[in-house]
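Take a look at the letters that make up each chain.
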Amino acid sequence: MHTAGQKMMTKIKKWLEMGREFVCFLLFPARCPVCDEILEPEEYKKGIHSACKNKLYLISGAVCMHCGRPIGKVNQKEKESIYGSTREYCYDCVQKKYHSNSYIFQAKAVYIYKGAVKASMYRFKYSNKREYAYLFARQAVQNYGAWLKRSGIEVIVPVPMYKRKQRRRGYNQAECFARELSRQTGIAIDTKLVRRVVDTKPQKGLSESDRKNNMKNAFQKGESVVQYRCAIVVDDIYTTGVTAEAVAHELIKRGIRRVYFMAVCIGEEM
Ligand SMILES: [Zn+2]
Ligand SMILES: [Zn+2]
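What you see is a predicted model, and the numbers here were worked out from it, not measured in a lab. (Residues numbered from 1 in each chain as written. Chains lettered and ligands numbered in written order. Predicted model: local features only at pLDDT ≥ 70, side-chain atom pairs only at ≥ 80, totals over all residues. Heavy atoms only, no water.)

Chemist: What is the right way to look at helix H6 (residues 117-126) in this model?
Modeler: Each turn of an α-helix holds 3.6 residues, which means side chains three or four residues apart point in the same direction. For H6, the full list of buried residues reads Val-117, Ser-120, Met-121, Arg-123 and Phe-124. End-on, the buried residues of H6 take up no more than an arc of 160 degrees, which puts them together on one face. Lining the buried residues of H6 we find strand E1 (106-112), helix H7 (133-150), helix H9 (173-185), strand E6 (230-238) and strand E7 (258-266). Phi turns positive, to about 65 degrees, at Asn-128, one or two residues after H6. (Buried < 20%, exposed > 50% of the residue type's maximum accessible area, 1.4 Å probe, protein only. Helix = DSSP H or I, 4+ residues; strand = E, 2+ residues; numbered from the N terminus. Arc of directions from axis to C-beta. Contact = heavy atoms within 4.5 Å.)

As structure tokens, then:
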């Protein structure tokens, strides 16, 4: 009787899930993050058109041990002469000494910030295309599901946006990605661990030291009282690592022992 009841429950749960998916499909016809056209039912679950998949540069192969950026072959000879023949870290991390001095234990990214993903990230950030988070998280789980499990991460922390800015824009794209990642992995999300207390200037065009100054004191302890040992900070794009470092630093100050990082996109090695 017991097992028959359990079987019935599993069936009911499956039907409910199918029903939920169907209702979602009717109410929120998802769009493909690459071409922004509506996805047909058979592509709905994949979150992208099969033909559009090739327009994204999924990260694979040899990557930097610290930031997860693919280690390029450009000027390999020249770089080898500087950093030795076995390159474990990208040029950027070595230059910034992130490989030996960082608040982030290890970082990963899903796509190279190149080609079709650039326009896609722009819409994700500014045009209310929050639904793209589904594909980004799905791909993150496909690439790094095992890594996430192995790492013992207890909580996902999106890079916070300045409150007034978020109210104006309506949402924080890093949080959309974090929520989807949490839903798909079962790892908790906490948006109240860290808050952004300064409306920072855009980082673009600033020098390295100006970027650091810009981020100085930008984040502060939030009101969450939950204590974690291991967290992952997530954001849409990893550019210089300055923002990621600032948030990770705040978490370490709160007593979190190990902080990982994940971005949807990362720039190519220079
Ligand atoms: Zn498409
Ligand atoms: Zn690196």
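Following the structure, the description resumes.
Chemist: Would you mind showing me how to read the coordination of the zinc ion (ligand 1) here?
Modeler: Four donors placed tetrahedrally around a metal ideally meet at 109.5 degrees, and six donors placed octahedrally ideally meet at 90 or 180 degrees. Within the protein, the atoms that donate to the zinc ion (ligand 1) are Cys-32 (SG), Cys-35 (SG), His-49 (ND1) and Cys-52 (SG), at distances of 2.0 to 2.4 Å. What the 4 donor atoms of the zinc ion (ligand 1) show is an angle range of 96 to 120 degrees at the metal, which sorts the shape as tetrahedral. Taking relative accessible area as the criterion, Cys-32 reaches 0% and is therefore assigned buried. Residue classification places Cys-52 among the buried residues on the basis of a relative accessible area of 6%. (Donors = N, O, S within 2.8 Å, 3.2 Å for Na, K, Ca; no water. Tetrahedral: all angles 85-135°; square planar, octahedral: opposite > 155°, others 65-115°.)

Chemist: Would you mind going over the coordination of the zinc ion (ligand 2) with me for this structure?
Modeler: Protein-derived ligands of the zinc ion (ligand 2) are Cys-64 (SG), Cys-67 (SG), Cys-90 (SG) and Cys-93 (SG), with the metal-ligand distances lying across 2.3 Å. Ordering the donors of the zinc ion (ligand 2) by residue number gives the pattern C-x2-C-x22-C-x2-C. Here Cys-93 lies in helix H5 (residues 91-96) and Cys-64 lies in the loop between helix H3 (50-53) and helix H4 (76-83), a separation of 29 residues in the sequence. Here Cys-64 and Cys-93 have matching classes, each one buried.

Chemist: I tried to follow the packing of aromatic side chains on my own but got confused; where do I start?
Modeler: The relative placement of two aromatic rings is captured by the distance of their centres and the angle of their planes. Taken as a whole, this structure holds 8 aromatic pairs when the rule is applied. The interplanar angle of 75 degrees and the centroid separation of 6.2 Å between the aromatic rings of Tyr-111 and Phe-136 together place this pair among those described as edge-to-face. On the criterion of sequence distance, the pair formed by Tyr-111 in strand E1 and Phe-136 in helix H7 is long-range, its members being 25 residues apart. Looking at Tyr-111, the relative accessible area reads 2%, which means it is buried. An aromatic cluster is present here, built from Phe-105, Tyr-144, Trp-147 and Tyr-260 joined pairwise through their rings. Cation over ring: Lys-114 sits above Tyr-57, and NZ or CZ is 4.4 Å from the ring centre. Its end group placed over the ring of Phe-105, Arg-258 keeps NZ or CZ at 3.7 Å from the ring centre. (Phe/Tyr/Trp six-rings, centres within 6.5 Å; stacked < 30°, edge-to-face > 60°. Lys NZ or Arg CZ within 6 Å of the ring centre and 35° of its normal.)

Chemist: What's the story with the confidence of the model for the protein in this structure? I'm lost.
Modeler: The predicted coordinates ought not to be read in detail in places where the model reports low pLDDT. Confidence along the protein averages 89 in pLDDT terms, with 91% of residues attaining 70 or more. No element of the protein has a lower mean pLDDT than H4, which averages 59, and none a higher one than E7, which averages 98. (pLDDT = per-residue confidence, 0-100.)

Chemist: How do you make sense of the sheet that holds E1 when you look at a structure like this?
Modeler: Strand pairing in a sheet is mediated by backbone hydrogen bonds. Such pairs are either parallel or antiparallel. Spatially, 5 strands are ordered E1-E7-E6-E2-E3 in an open sheet, and the strand pairing comes out parallel. Of all the strands in the sheet, the pair left with one neighbour each is E1 and strand E3 (188-189). Of the strand pairs in this sheet, strand E2 (residues 155-158) and E3 are connected by 2 bridges, and their pairing is parallel. Paired with Val-155 across the two strands is Ala-188, which belongs to E3. H7 contacts E1, E6 and E7 of the sheet and is inclined by roughly 140 degrees relative to E1. Relative to the sheet, H9 contacts E2, E3, E6 and E7, its axis offset from that of E6 by approximately 130 degrees. (Pairing = 2+ DSSP bridges. Axes fitted to C-alpha atoms, helices over the stretch in contact; angles between N-to-C directions.)

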